[in-house]
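# Understanding the architecture of this molecule
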Amino acid sequence: MNITDSLLLSRTGKVLKNRTVLAAMTNKQSHDDGILSEDEKKWLIRRAMGEFAITTTAATNVTEHGRGWVGEMGVWGDHQIPELTNLARELKKTGTVSLAQLFHGGMRAPQSINGIQPISASINTEPGMDGVYTRSLDNTEVIEMIQSFTDAAIRCQKAGFDGVELHGAHSYLICQFLGIVTNRRQDEWGGDLQGRSKFLREIITSIRKATGPEFLIAVRISPIIEKIGIYLQDSLTLANILSKMEIDMIHISCWDVFQEVDGEKDSKSLTRRFREVIPSNIPLISTGAVWNAKDAQYVLEEGADLVGVARVGIAHPDWPMHIGDISYSPQRPPFSEQHLLNVDLSPVFVDYMRGWKDFVIGGK
Ligand SMILES: Cc1cc2nc3c(=O)[nH]c(=O)nc-3n(C[C@H](O)[C@H](O)[C@H](O)COP(=O)(O)O)c2cc1C
């Protein structure tokens, strides 16, 4: 298998033009009311023009009070549909497959931004919440939240997106339901993995029902986050459970696809472990620390169907155009501000990237 090969998505018959995925990236460029800005559209369209087979939006919140950051694009209201439509139309022109990444911050939706006490699966707090504890959603609210995810997916479909990616990774609300530390519920939404994954599974079922068979649903999960009680064995079981549902892709967020697992030097990679439990009809996306063509080839050899990238796609928007050449090894960070402005980041996004270690010259 080669990174330049196309991929047939068997459930829908849609074809991806190659094996590259622009993973979701928050960029803080949108307006306070969640409406996409020209800057946010421009940055994404530029990457789609660079031939990414899938272009994922930043995490976009499904309720007004689920925001994790300022400048975050939203899909919580119909007022956001016109600009979402403009983005989806321009992405389509490039031949990329577009996914909007749906999320709710849960305990990571700060009161200072949203004006209300954050919610979660259980009563939780974490550093950065200024000692604020979340409120645990009651049964009716859980069902309403599933509907908010569904309504958001319907808006994305109306706007012309090919599908959505459910953000079940990185300790946001879906992930908080999955984690044994953050979900201590005694009811049907907690307990064993079946219970803790029910929120995610009900969102999938509800979106599929509301959007019909053609709409793509990808699910992104974190293999391991010990702090909130996400462990590898559960995540593997979860991936297997999800692969039996009407979804189109599973995306593992590894942060480092080369990492040793269980502290064992020659242990199988995360990508290989997930491949072993996900049947071949469900494409696997694996993301984390891929930079050059050899890295990408490694991920495919480990059993992924698609290679996700984030940071290299910021600096090198045409990455997919070059990645077929196995000697391709693009410049590494740190990058100058001018370089980043030249590749269609706004000053706001460049500023945000200064907080990512060693990415911008003179940054953190
Ligand atoms: C600026 C930036 C913003 C990010 N925002 C998101 C996000 O909104 N949703 C998400 O699932 N992951 C997000 N991530 C994580 C990336 O999708 C990716 O998993 C991670 O950066 C590792 O890939 P990389 O080594 O290719 O950068 C973000 C990463 C970066 C660098």
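Scroll up a little and you will see the structure.
These notes cover the structure that comes with them. (Residues numbered from 1 in each chain as written. Predicted model: local features only at pLDDT ≥ 70, side-chain atom pairs only at ≥ 80, totals over all residues.)

### Some thoughts on the overall build of the chain
- When its secondary structure is counted, the chain shows 14 helices and twelve strands.
- Over its C-alpha atoms the chain spans a radius of gyration of 19 Å, differing by no more than 12% from the 21 Å that the globule rule assigns to 364 residues.
- Viewed in the frame of its principal axes, the chain has a C-alpha envelope of about 55 × 45 × 40 Å.
- Counting every position in the chain, which comprises 364 residues, the buried fraction comes to 49%.
- When contacts within the chain are restricted to residue pairs at least 6 apart in sequence, long-range pairs at least 24 apart make up 68% of them. (Helix = DSSP H or I, 4+ residues; strand = E, 2+ residues; numbered from the N terminus. Rg over C-alpha atoms; globule rule 2.2 N^0.38 Å. Buried ≥ 20, exposed ≤ 12 C-beta atoms within 10 Å, placed from the backbone. Contact = placed C-beta atoms within 7 Å.)

### Looking at the site of the ligand
- In the vicinity of the ligand, 22 residues are found, and the nearest of them are A23, A24, A59, A310 and R311.
- Those elements that provide at least two residues to the shell around the ligand are β4 (54-61) and α11 (311-315).
- Per-class residue counts for the shell around the ligand are 13 nonpolar, seven polar and two charged. (Near = placed C-beta within 6 Å. Nonpolar A, V, L, I, M, F, W, Y, C, P; charged D, E, K, R; others polar.)

### Re the environment of V307
- Among the secondary structure elements, V307 is positioned in strand β12 (residues 306-309).
- V307 gets classed as buried once you count the C-beta atoms within 10 Å, which come to 26.
- Along the primary structure V307 and S112 are separated by 195 residues, whereas in three dimensions their C-alpha atoms are 36 Å apart.
- Contacts of V307, omitting those with residues within four sequence positions, involve I3, R19, T20, V21, S286, V290, A296, V299 and L300.

### Digging into the pairing of β4
- Of all eight residues in β4, eight are buried, a share of seventy percent or more.
- Across two bridges, the pairing between strand β3 (residues 20-22) and β4 is parallel. Note that in β4 the partner of L22 across the bridge is T55.
- By the bridge criterion, six bridges tie β4 to strand β5 (residues 97-103) in an arrangement that is parallel. Looking across to β5, one finds that N61 is bridged to F103.
- Crossover handedness for the path β4 to helix α2 (residues 81-94) to β5: right-handed. (Pairing = 2+ DSSP bridges. Right-handed = clockwise from strand over helix to strand, strands pointing away.)

### Some details on the environment of N27
- Here N27 lies in the loop between β3 and α1 (38-49).
- A sequence separation of twelve residues divides N27 from D39, and the C-alpha atoms of the two residues are 9.6 Å apart.

### Observations regarding unusual backbone geometry
- Omega for the bond connecting P333 with P334 falls within 30 degrees of zero, at 5°, which places this linkage in the cis form.
- With respect to the helices, strands and loops of the structure, P334 is situated in the loop between α12 (319-322) and α13 (337-342).
- Phi is positive for K28, which is not a glycine, with a value near 60°.
- Positive phi, normally seen in glycine, also occurs at W255, with a value near 65°.
- By the secondary structure assignment, W255 is in the loop between β10 (249-253) and α9 (270-277).

### Brief notes about the sheet that holds β5
- Overall, parallel pairing links the eight strands, which are arranged β3-β4-β5-β8-β9-β10-β11-β12 in a closed barrel. Within this sheet the neighbouring strands show an average axis-to-axis angle of 25°, counted without direction.
- Relative to strand β9 (residues 216-221), strand β8 (residues 163-168) runs parallel, the two being bridged by six bridges. Pairing of E165 across the sheet is with A218, part of β9.
- Its contacts with the sheet place helix α4 (residues 139-159) against β5 and β8, and it is angled at close to 155° to β5.
- Here helix α8 (residues 232-242) sits on the sheet and contacts β9 and β10; the angle it forms with β9, its principal contact strand, is near 175°. (Axes fitted to C-alpha atoms, helices over the stretch in contact; angles between N-to-C directions.)

### Some words on α1
- Taking 1.5 Å per residue as the helical rise, α1 with its twelve residues ought to reach 16 Å, and the 16 Å between its terminal C-alpha atoms agrees with that figure.
- If you check which residues of α1 are buried, you get E40, K41, W43, L44, I45, R47 and A48. (Expected span 1.5 Å × (residues − 1).)

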